[in-house]
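If you want the building blocks of each chain, they are given just below.
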Amino acid sequence: NLGLAFNAHYNAPTYWRELPNANVKSFGKMVRISYYILAALYSITMCAGYATFGNQCRGNILLNYHPNDNLATLGRLATGISVTFGFPLVFYGAREGLKGATKAIGYPLLSVPRSHNTVVTLLLAVICVVAMTIEDIKFIASLSGAIMGSFLVYICPTLIYIKIIWKVRGKDSTAYKFSLLNLMFIPFGLFVATVGVIVTIK
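Overview of the structure. (Residues numbered from 1 in each chain as written. Predicted model: local features only at pLDDT ≥ 70, side-chain atom pairs only at ≥ 80, totals over all residues. Heavy atoms only, no water.)

Quick word on the environment of tyrosine 36
Line of reasoning, step 1. Along the chain, tyrosine 36 turns up in helix 2 (residues 24-53).
Line of reasoning, step 2. Given a relative accessible area of 60%, tyrosine 36 falls into the exposed group.
Line of reasoning, step 3. Sequence spacing of tyrosine 36 and alanine 22 is 14 residues, and the spatial spacing of their C-alpha atoms is 20 Å. (Helix = DSSP H or I, 4+ residues; strand = E, 2+ residues; numbered from the N terminus. Buried < 20%, exposed > 50% of the residue type's maximum accessible area, 1.4 Å probe, protein only.)

Description of helix 5 (residues 137-169)
Line of reasoning, step 1. With 33 residues, helix 5 extends 44 Å between its outermost C-alpha atoms, agreeing within 8% with the 48 Å of an ideal straight helix rising 1.5 Å per residue.
Line of reasoning, step 2. Leucine 152 marks the point of greatest bend in helix 5, at about 40 degrees.
Line of reasoning, step 3. Those residues of helix 5 lying buried are Gly145, Ala146, Gly149, Ser150, Val153, Tyr154, Ile155, Thr158, Ile162 and Ile165.
Line of reasoning, step 4. Those residues of helix 5 hidden inside the fold are in contact with helix 6 (174-179) and helix 7 (185-201).
Line of reasoning, step 5. After helix 5 finishes, the residue glycine 170 shows a positive phi value of roughly 100 degrees. (Expected span 1.5 Å × (residues − 1). Bend = angle between axes of the 7 residues up to and from the residue. Contact = heavy atoms within 4.5 Å.)

Remarks on the layout of surface pockets
Line of reasoning, step 1. Each pocket or cavity is described by its volume, and for the second largest pocket that value is around 150 Å³.
Line of reasoning, step 2. Lining the second largest pocket we find Arg58, Gly59, Asn60, Leu63, Glu135, Asp136, Ile137 and Lys138.
Line of reasoning, step 3. When grouped by side-chain class, the residues that make up the lining of the second largest pocket number two nonpolar, two polar and four charged. (1 Å grid on protein atoms, 1.4 Å probe; cavity = no way out; pocket = protein on both sides within 12 Å on 5 of 7 lines; lining within 4 Å. Points joined across faces, edges and corners; volume = space filled by probe spheres on them. Nonpolar A, V, L, I, M, F, W, Y, C, P; charged D, E, K, R; others polar.)

This is the structure we're talking about:
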């Protein structure tokens, strides 16, 4: 969904550090190209799935195919590989986010090196228990995408960006006034979140 499809903000600092000769222009170009490619892939997959099964599409489109379908089996294998090797990227963001949040509210214990193994082990344990308990990922993915995804993708970056421009350039600067145009993302994010929650509950 729109809430989860482009949710990779937590790894943006890592991408910046690993980008050769990183600067605002090259980073922006990389982000735009990535978004275009992802938008095309998601659109093609969405249209192909709906064209094949119509309103009978399930949360995991691969479950619509017969268990003995060879191409669907390859698709399930590719999905498994994608999840396996993509999980560290998501987990890294969750771990660093937890450390940063606890440090910001006055509990730096989780951020010290000696706590690293404990934090990682506990996080993995919780994630694995939840993954083994929940059978239908559609509801969880849709609800989290609608609420948290919309906030992280459309609302939070907008507020942070405007605040940074305000502090760096000043409230009376042209850059700050121009940055206020990004406030249009907030009602869009609220709209996406509201529609997502309503559709998920229904």
